[in-house]
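So the chains spell out like this:
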Amino acid sequence: IATLVLLTGLGALAMNVFLPSLPKMAEWYAAPYALMQLTVAGFLATNAVMQIFIGPLSDKFGRRPMILAGVLVFCLATVGCLLAENVYVFLFFRMMQAAVAVGFALSRAVVRDMFPPDKAASMMGYVTMGMSLVPMVAPAVGGLIDETLGWRASFWLMLILGVLILVLVWADLGETAQKSDRTVLGQFREYPELLTSPRFWGYCLACAFSSGAFFAFLGGAPYVGSEVFGMTPAEFGIWAARPGIGYFIGNFLTGLIAARVGVNRMVMAGSLTLACGMAGALILGWLGFGGPEVFFGAMILSGMGNGLTSPNATAGAVSVRPHLAGSASGLSSALIVGMGAVTTTLTGALVTEENGLLLVPGLMVAASVLGLLAALYVRRVNRQEAALAAARAETCAQAAE
């Protein structure tokens with residue numbers, strides 16, 4: 001579990017440690033902010049495409065070789081980022097860094113390999129709780145590094161940690177999957193079994209929209225911090241730790257009570273927390289109270305909602321068809337980060353100095369409401385399936401009599 005925490009933490013670090021440097025990176029490459037925003041959106045889009053293939057391949061060849069390959073590609077791509085002198089070359093290698101997300105996707109499959117659904121949700125909560133420490137400190141560390149050593153130092157940090165974690169995974173992470181006897185093409189043919197499951201879609205969409213709200217924050221917050229609030233990279237890094245605090249709390253609660261409460265109630269609680277928190281931020285901003293305390297403070301509730309929703313919805317998605325846990329994990333991750341790529345790109349393209357305080361929480365509210373609707377849908381599907389199962393059991397009992 002500790003290895004999985006560090007592995008997923010590396011992916012979180014790669015996502016946001018350099019965010020305070022985005023304005024300076026745009027200036028260094030003489031590129032518009034919207035183009036440099038592709039360092040997040042492009043990373044997510046590439047990640048989404050990779051996840052479609054990673055899940056079935058891990059069911060076929062095992063979790064361990066796929067994770068080792070992903071971390072190795074990440075390290076090589078980070079070297080490319082450090083050497084790139086052209087913005088487009090840099091963006092290419094930045095997108096290749098997305099291979100590190102194999103750890104996040106397959107760590108959930110590893111947990112599901114070892115535990116039943118509700119227990120898996122608790123264990124995923126502990127894994128992501130450890131991972132959530134990274135978003136708390138990474139922006140602050142990235143901001144301080146930027147001011148003292150320059151923006152490339154964040155990528156040196158990624159490279160050093162990537163090599164260390166590659167060695168750790170090689171030494172510690174054993175194989176947990178029962179390798180499939182199907183061909184690779186046969187593994188991909190199993191996708192329709194997942195795609196025709198209403199429960200799978202309900203859990204995936206609840207998680208995707210909840211995560212989409214956070215990615216909207218990633219897309220707009222660096223610009224708002226720099227241009228609206230006039231923050232230095234270090235100051236922004238400290239303020240940007242708020243979502244990580246909430247995410248830690250949400251994941252701690254998931255690890256503590258999910259096995260007793262159940263994944264469906266936890267998903268509902270997370271969706272409600274996120275929607276109410278961001279609605280409050282939007283209303284306060286509209287009333288003229290949109291200072292950094294409100295803008296960033298509300299992100300604690302956003303992070304908490306994600307911490308309650310994500311591990312539980314993920315546990316539900318990968319438990320719909322347990323024999324396809326790797327495929328389900330990869331496909332659900334693809335949907336989640338695909339949604340993140342869309343919301344990040346949209347926010348980065350639309351945010352301005354005039355609308356930033358309302359646009360970012362407004363998009364987060366929209367995503368959170370859609371996530372709440374998805375949670376209500378999956379609750380309804382579960383009730384219908386439970387009623388159908390009870391009716392079948394009663395019919396069988398009557399036939400036996």
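Data block above holds the structure.
Criteria and cut-off values
- Residues numbered from 1 in each chain as written.
- Predicted model: local features only at pLDDT ≥ 70, side-chain atom pairs only at ≥ 80, totals over all residues.
- Heavy atoms only, no water.
- Axes fitted to C-alpha atoms, helices over the stretch in contact; angles between N-to-C directions.
- Helix = DSSP H or I, 4+ residues; strand = E, 2+ residues; numbered from the N terminus.
- Parallel < 35°, antiparallel > 145°, perpendicular 65-115°, else oblique.
- Left-handed = near helix turned anticlockwise from the far one by under 90°.
- Contact = heavy atoms within 4.5 Å.
- Nonpolar A, V, L, I, M, F, W, Y, C, P; charged D, E, K, R; others polar.
- Buried < 20%, exposed > 50% of the residue type's maximum accessible area, 1.4 Å probe, protein only.
- Patch = residues over 30% accessible without salt bridge, like charges linked within 9 Å, V, L, I, M, F, W, Y side chains within 5 Å.
- Areas by Shrake-Rupley, 256 points an atom, 1.4 Å probe, with all protein chains shown as cover.
- Salt bridge = Lys/Arg side-chain N within 4 Å of Asp/Glu carboxyl O.
- 1 Å grid on protein atoms, 1.4 Å probe; cavity = no way out; pocket = protein on both sides within 12 Å on 5 of 7 lines; lining within 4 Å.
- Points joined across faces, edges and corners; volume = space filled by probe spheres on them.

**Comments concerning the packing of helix α12 (residues 198-228) against helix α17 (residues 299-319)**
- Packing of α12 against α17 brings their axes to within 9 Å, and their N-to-C directions diverge by 155°. Overall, the two elements α12 and α17 adopt an arrangement that is roughly antiparallel. The chirality of how α12 crosses α17 is left-handed. Along its contact with α12, which presents F200, Y203, C204, A206, C207, S210, S211, F214 and F217, the element α17 presents M299, G305, N306, T309, S310, A313, T314, G316 and A317.
- The class makeup of the residues in the contact of α12 with α17 is ten nonpolar, eight polar and no charged.

**Some remarks on the side chain of S271**
- Assignment of secondary structure puts S271 in helix α15 (residues 263-286).
- For S271, a relative accessible area of 2% gives the class buried.

**Focus on a nonpolar patch on the surface**
- A cluster of nonpolar side chains, I283, L284, W286, L287, F289 and L358, forms an exposed patch at the surface whose accessible area comes to about 660 Å².
- Of all the elements, α15 adds the most residues to the nonpolar patch, at three residues.

**Quick word on empty space enclosed by the protein**
- Taken as a whole and assessed by the stated rule, the structure comprises four cavities of 30 Å³ or more.
- Of the voids in this model, the second largest cavity is the one considered here, and its volume is about 80 Å³.
- Lining the second largest cavity we find eleven residues, and of these N16, P139, F217, L218 and A240 sit closest to its centre.
- It is α12 that provides the largest number of residues to the lining of the second largest cavity, a total of three residues.
- Of the residues belonging to the lining of the second largest cavity, the class tally is nine nonpolar, two polar and no charged.

**Side note on the packing of helix α1 (residues 2-16) against helix α5 (residues 63-83)**
- At a minimum axis distance of 12 Å, the contact between α1 and α5 shows a crossing angle of 30°. In terms of orientation, α1 lies roughly parallel with respect to α5. In terms of crossing hand, the pair formed by α1 and α5 is left-handed. Residues L7, L10 and A14 of α1 pack against I67, V71 and F74 of α5.
- In the contact of α1 with α5, the residues fall into six nonpolar, no polar and no charged.

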